[in-house]
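Secondary and tertiary structure notes
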Amino acid sequence: MDHSHGHQMDPGEAYSTSKLGMWLFLGTEIMLFGGLFAAYAIFRSKYPEMFLEQHRELNREMGAINTCILIFSSMTMAIGVTAIQRGKQKLTSIMLLITILCGFAFAGVKYVEYGAKFSHHIYPDTSIFFSLYFMLTGLHMLHVFIGIAILSTMLVLTMKGKFNQKYSTPVELGGLYWHLVDLIWIYLFPLLYLIG
Amino acid sequence: MANNTIAEHVYVPFLEEKKGILSWLTTTDHKKIGILYLVSVSFFFLIAGTIALLMRFELLTPEADFVSPHVYNVLFTLHGSIMVFFFIVPGLAASFGNFLIPLMIGAPDVAFPKLNIGSYWLYILGTIILLFALLKPADTGWTFYTPYSANTDTDVVLMTFGVFVLGFSSILTGLNFIVTIHKMRAPGMTWHRLPLFIWASYATAILQLLATPVVGITLLLLIAERTLGVGFFDPAKGGDPVLFQNFFWFYSHPAVYIMIIPAMGVISEIIPVFARKPIFGYKAIAYSSLGIAFISFLVWAHHMFTSGISEVAATIFSFLTFLVAIPTAIKVFNWTATLYKGSIQLQSPMLYALGFIFLFTIGGLTGLFLGALAADIHLHDTYFVVAHMHYVMIGGTVMGFFGALHFWYPKWFGKMFNETVAKVAWFLIFVGFNVTFFPQFFLGVEGMPRRYATYPQEFKSLMSLSTYGSWILGVGILIMTVNLIAALFNGEKAPQNPYGSLSLEWQVPSPPPHENFHEIPHVTDWTYGYGKKS
């Protein structure tokens with residue numbers, strides 16, 4: 001926030017302003033993924049057999065593990081946000097660290113999955129289904145990495161003592177972003193791995 | 001600041017607050033960021049306008065004797081892409097939006113000043129990337145239709161990536177404006193007291209926020225199509241090229257309202273001031289902006305009547321398209337009602353506003369021809385579309401842009417331009433524009449397709465007439481540009497409120513001080529109470 005103009009915004013107002021901005025941004029993210037979800041709906045109705053047959057190639061166990069990892073990380077994230085609102089900087093740091101590690105664990109599982117696909121000569125150009133699979137999970141993966149970068153910044157700033165019960169907006173905004181990443185995966189998992 | 005309170009109240013115009021190139025590049029002052037946008041978009045407008053003059057020059061004769069057909073393809077791709085992505089989408093919304101929104105609502109700045117300058121740098125970055133790709137050169141037109149864009153040898157990946165970055169800039173600007181309008185209004189500035197330009201900016205920002213991400217993903221998919229071999233748009237792989245058009249127009253139709261709604265906002269500001277009457281139908285105009293924004297999401301397939309969509313879909317989209325005429329006509333009728341029995345002063349901003357009403361109405365009504373299924377089958381991809389599109393975009397948006405330039409110029413730069421020269425320029429622009437584009441309606445009806453460097457002998461007289469018109473238009477814009485630039489150096493000092501507006505931005509000195517208002521104003525009435533004894 002720029003305070004050079006002399007008219008300082010009151011902290012409560014600044015908080016709700018930042019939060020509104022973040023929610024609007026999350027809305028644009030939904031629209032971004034929305035385009036891909038629309039493509040999914042269109043092609044699924046066009047080629048139901050292809051989706052039925054090829055989704056079996058995906059590794060449900062790994063998908064389920066990743067779902068658990070992300071849901072767990074959303075919990076640690078939420079604990080971290082509540083902790084900083086109560087001024088518990090150390091607990092917040094630990095929770096942020098766990099959340100970040102979950103992000104890396106998710107990426108690791110995804111790496112193994114992608115590797116298995118490539119070794120079976122399954123690539124984005126194999127079929128429409130795998131085009132969708134790689135585009136959806138790839139774009140999601142990109143968001144996981146952005147989330148990790150944001151939360152790492154928050155971790156460093158928390159450890160430097162920048163946040164306390166009076167000012168914790170960036171941690172909360174980072175948390176909102178992380179929940180969105182989690183939420184999108186919760187839709188991706190059944191749509192790609194489970195629906196038969 | 002610690003010295004005393006008196007020092008704070010010395011008036012320093014924002015232009016003189018800090019000096020040097022670096023202070024401009026790193027500024028977070030919405031007024032300076034507005035100028036950065038204004039200079040950038042105007043520069044690209046002049047470049048793309050010059051390219052248009054070259055195209056018209058080629059069309060003076062039926063043969064391709066000035067440039068080859070391939071060069072002509074490159075030229076219209078350049079003209080379209082630069083005009084759309086560098087000028088008209090960011091145009092009014094980012095330049096005047098930045099300058100006016102905080103001033104009009106009584107705020108010291110936008111909600112996120114750093115994000116604001118960040119958006120500008122994203123705009124410049126996207127511009128550089130896209131320009132680089134365009135000059136390689138590119139030949140897809142500004143719409144990147146598959147399958148051609150998936151197969152051409154030109155650098156579509158770089159081009160679409162540039163547009164993607166520009167889209168990001170647009171999203172962040174829209175986000176900033178929405179939050180600003182929600183959170184930064186001065187005490188007493190209720191929603192129904194907001195100037196109509198603010199309502200228009202708000203509707204525009206919603207479109208930027210909701211539609212732009214969809215073109216973002218579309219362009220990412222096109223990039224994936226070319227680099228990873230993804231087949232969403234490739235029939236050989238089970239994809240569908242028409243899907244690209246659906247995605248593309250889902251953004252790009254709302255985008256034409258991103259281009260026009262701010263101009264409508266400008267007209268709503270100019271007309272009451274120069275008619276000395278309260279705006280007629282305030283709420284109707286305000287909500288019709290939101291109405292247009294909403295309906296704009298439901299009409300995209302009217303660009304695709306000849307692309308092989310089903311008859312049922314085409315019929316539905318045709319009817320939905322007619323719906324747009326309702327909120328648009330609400331605006332036009334309310335502006336006209338505002339003029340009725342007003343004390344009209346024909347100064348240059350008002351001339352542009354009247355030009356807008358006249359030309360935009362022609363553009364809007366010819367849009368209905370294209371929205372009608374049977375007529376569209378005949379008129380699709382002809383010069384009729386070119387004429388309609390330019391009546392809306394030049395007759396509408398550019399008239400609004402020029403009107404805004406003349407109206408807020410004294411406020412923004414603290415100088416008065418030569419009014420007589422401004423009127424002469426307006427006359428040449430108005431006449432030149434009509435001579436250029438009106439014949440194109442006839443060309444289209446007679447079946448002349450767009451995007452060709454050559455044409456049959458029988459179209460020579462109308463085509464040449466159109467080219468002569470483009471010269472008049474070009475001279476008019478040149479005179480206007482010189483007039484406005486000259487005024488920066490030798491214009492008279494502008495008074496605080498030369499046009500007698502009641503809006504908040506005119507109640508501070510010209511140019512406004514860095515912090516806009518010494519004290520945040522308390523608003524007690526709407527801004528359109530003209531003609532009452534005070």
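Please read these numbers as outputs of a predicted model, since none were measured by experiment. (Residues numbered from 1 in each chain as written. Chains lettered and ligands numbered in written order. Predicted model: local features only at pLDDT ≥ 70, side-chain atom pairs only at ≥ 80, totals over all residues.)

**Comments concerning the overall build of chain B**
Broken down by element type, chain B carries 17 helices and two strands. Against the compact-globule benchmark of 24 Å for 534 residues, chain B has a radius of gyration of 23 Å, which places it among compact chains. C-alpha extents for chain B along the principal axes are approximately 75 × 50 × 45 Å. When each of the 534 residues of chain B is scored for burial, the buried share is 55%. Once local pairs closer than 6 in sequence are excluded, the contacts in chain B between residues at least 24 apart make up 85%. (Helix = DSSP H or I, 4+ residues; strand = E, 2+ residues; numbered from the N terminus. Rg over C-alpha atoms; globule rule 2.2 N^0.38 Å. Buried ≥ 20, exposed ≤ 12 C-beta atoms within 10 Å, placed from the backbone. Contact = placed C-beta atoms within 7 Å.)

**Some thoughts on the overall build of chain A**
Along the backbone of chain A there are six helices and zero strands. When the helices and strands of chain A are read in sequence order from the N terminus, they spell out α-α-α-α-α-α. Viewed in the frame of its principal axes, chain A has a C-alpha envelope of about 60 × 30 × 25 Å. Put simply, 81% of the contacts in chain A that link residues at least 6 apart link residues at least 24 apart.

**Describing the confidence of the model for chain A**
Segments scoring low in pLDDT should not have their predicted coordinates read at a detailed level. Looking at chain A as a whole, the pLDDT averages 93, with 95% of positions reaching at least 70. In the model, residues 1-6 of chain A has pLDDT below 50 throughout and makes eleven contacts with residues more than four positions away in sequence or in other chains. (pLDDT = per-residue confidence, 0-100.)

**Details of the packing of helix α3 (residues 60-85) of chain A against helix α6 (residues 169-194) of chain A**
Geometry of a packed helix pair, given as the angle between the helix axes and the separation of the axes. All names here are of chain A. Their axes nearest at 9 Å, the elements α3 and α6 cross at an angle of 160°. As summarised for this structure, α3 and α6 are arranged roughly antiparallel, according to the angle between their axes. Between α3 and α6 lies a crossing whose hand is left-handed. Contacts between α3 and α6 involve Arg 60, Gly 63, Thr 67, Leu 70, Ile 71, Ser 73, Ser 74, Met 77, Ala 78, Gly 80, Val 81 and Ile 84 from the former and Val 171, Glu 172, Gly 175, Trp 178, His 179, Asp 182, Trp 185, Ile 186, Phe 189 and Tyr 193 from the latter. Counted by class, the contact of α3 with α6 contains twelve nonpolar, seven polar and three charged residues. (Axes fitted to C-alpha atoms, helices over the stretch in contact; angles between N-to-C directions. Parallel < 35°, antiparallel > 145°, perpendicular 65-115°, else oblique. Left-handed = near helix turned anticlockwise from the far one by under 90°. Nonpolar A, V, L, I, M, F, W, Y, C, P; charged D, E, K, R; others polar.)

**Considering the interface of chain A and chain B**
At the junction of the two partners, chain A supplies 25 residues and chain B supplies 34 residues. Contributing elements (two or more residues each) for the side of chain A that touches chain B: α1 (11-46) and α5 (128-159) of chain A. For the side of chain A that touches chain B, the element with the highest residue contribution is α1(A), accounting for 15 residues. Of the residues in the side of chain A that touches chain B, the class split is twelve nonpolar, ten polar and three charged.

**A closer look at the environment of B:Gln208**
All names here are of chain B. With respect to the helices and strands, the residue Gln 208 is situated in helix α9 (residues 196-227). Residue classification places Gln 208 among the buried residues on the basis of 28 C-beta atoms within 10 Å. Distance from Gln 208 to Ile 258, taken between C-alpha atoms, is 6.9 Å for residues 50 residues apart in sequence. Excluding its chain neighbours within four sequence positions, the residues that come into contact with Gln 208 are Ser 170, Ile 171, Thr 173, Gly 174 and Ile 258.

**So, helix α4 (residues 89-119) of chain A**
All names here are of chain A. End to end, α4 covers 45 Å across 31 residues, agreeing with the expected 45 Å (1.5 Å per residue, within 8%). Thr 92, Met 95, Leu 96, Thr 99, Ile 100, Cys 102, Gly 103 and Phe 106 are the residues of α4 that are buried. Along its buried surface, α4 packs onto α3, α5 and α6. (Expected span 1.5 Å × (residues − 1).)

**Side note on helix α15 (residues 383-413) of chain B**
Residue and element names in this part refer to chain B. For α15, the principal kink sits at Phe 407 and spans about 45°; a proline, Pro 410, occurs within the next four residues. α15 sits mainly inside the fold: 28 of its 31 residues count as buried. After α15 finishes, the residue Gly 414 shows a positive phi value of roughly 70°. (Bend = angle between axes of the 7 residues up to and from the residue.)

**Concerning the packing of α15(B) against helix α16 (residues 419-445) of chain B**
Residues and elements named next belong to chain B. Look at α15 against α16: their axes get within 7 Å of each other, and the N-to-C directions meet at 165°. By the angle between their directions, the pair α15 and α16 is classed as roughly antiparallel. Here the hand of the crossing between α15 and α16 comes out left-handed. Here α15 contributes Tyr 383, Phe 384, Val 385, Val 386, Ala 387, His 390, Tyr 391, Ile 394, Gly 395 and His 406 to the contact with α16, which in turn contributes Ala 422, Phe 433, Phe 437, Gln 440, Phe 441, Leu 443, Gly 444 and Val 445.

**With respect to the confidence of the model for chain B**
All names here are of chain B. Mean pLDDT over chain B stands at 93; residues scoring 70 or higher make up 98%. Taken element by element, the predicted model of chain B shows its lowest mean pLDDT in helix α1 (residues 5-8) (48) and its highest in α16 (98). Counting interchain partners and residues more than four positions distant, the pLDDT-below-50 stretch residues 1-7 has one contact. Model confidence for the complex: the whole-complex pTM is 0.94, and ipTM, which rates the interface, is 0.92.

**Digging into the environment of B:Phe233**
Residues and elements named next belong to chain B. Residue placement: Phe 233 occurs in the loop between α9 and α10 (241-275). Between the alpha carbons of Phe 233 and Pro 147 there is a distance of 7.1 Å; along the sequence they are 86 residues apart. Setting aside its immediate chain neighbours within four residues, Phe 233 contacts Thr 146, Pro 147, Ala 150, Glu 225, Gly 239, Asp 240, Pro 241, Leu 243 and Phe 244.

**Here's the deal with the environment of A:Ala14**
All names here are of chain A. Checked against the element boundaries, Ala 14 lands in helix α1. By C-beta crowding, Ala 14 is classed as partly exposed, having 17 other C-beta atoms within 10 Å. For the pair Ala 14 and Thr 169, spaced 155 residues apart in the sequence, the C-alpha separation amounts to 9.1 Å.

**Remarks on unusual backbone geometry**
Across the junction of B:Thr146 and B:Pro147, the peptide omega takes the value 5°, indicating a cis bond. Residue position: B:Pro147 is located in the loop between α6 (113-134) and α7 (148-151). Put simply, B:Ser510 and B:Pro511 share a cis peptide bond, and its omega is -10°. By the secondary structure assignment, B:Pro511 is in the segment after β2 (492-493). A positive phi angle, close to 60°, is found at A:His121, a residue other than glycine. As for its placement among the helices and strands, A:His121 is situated in the loop between α4 and α5. Despite not being glycine, B:Lys341 has its phi angle at roughly 60°, a positive value.

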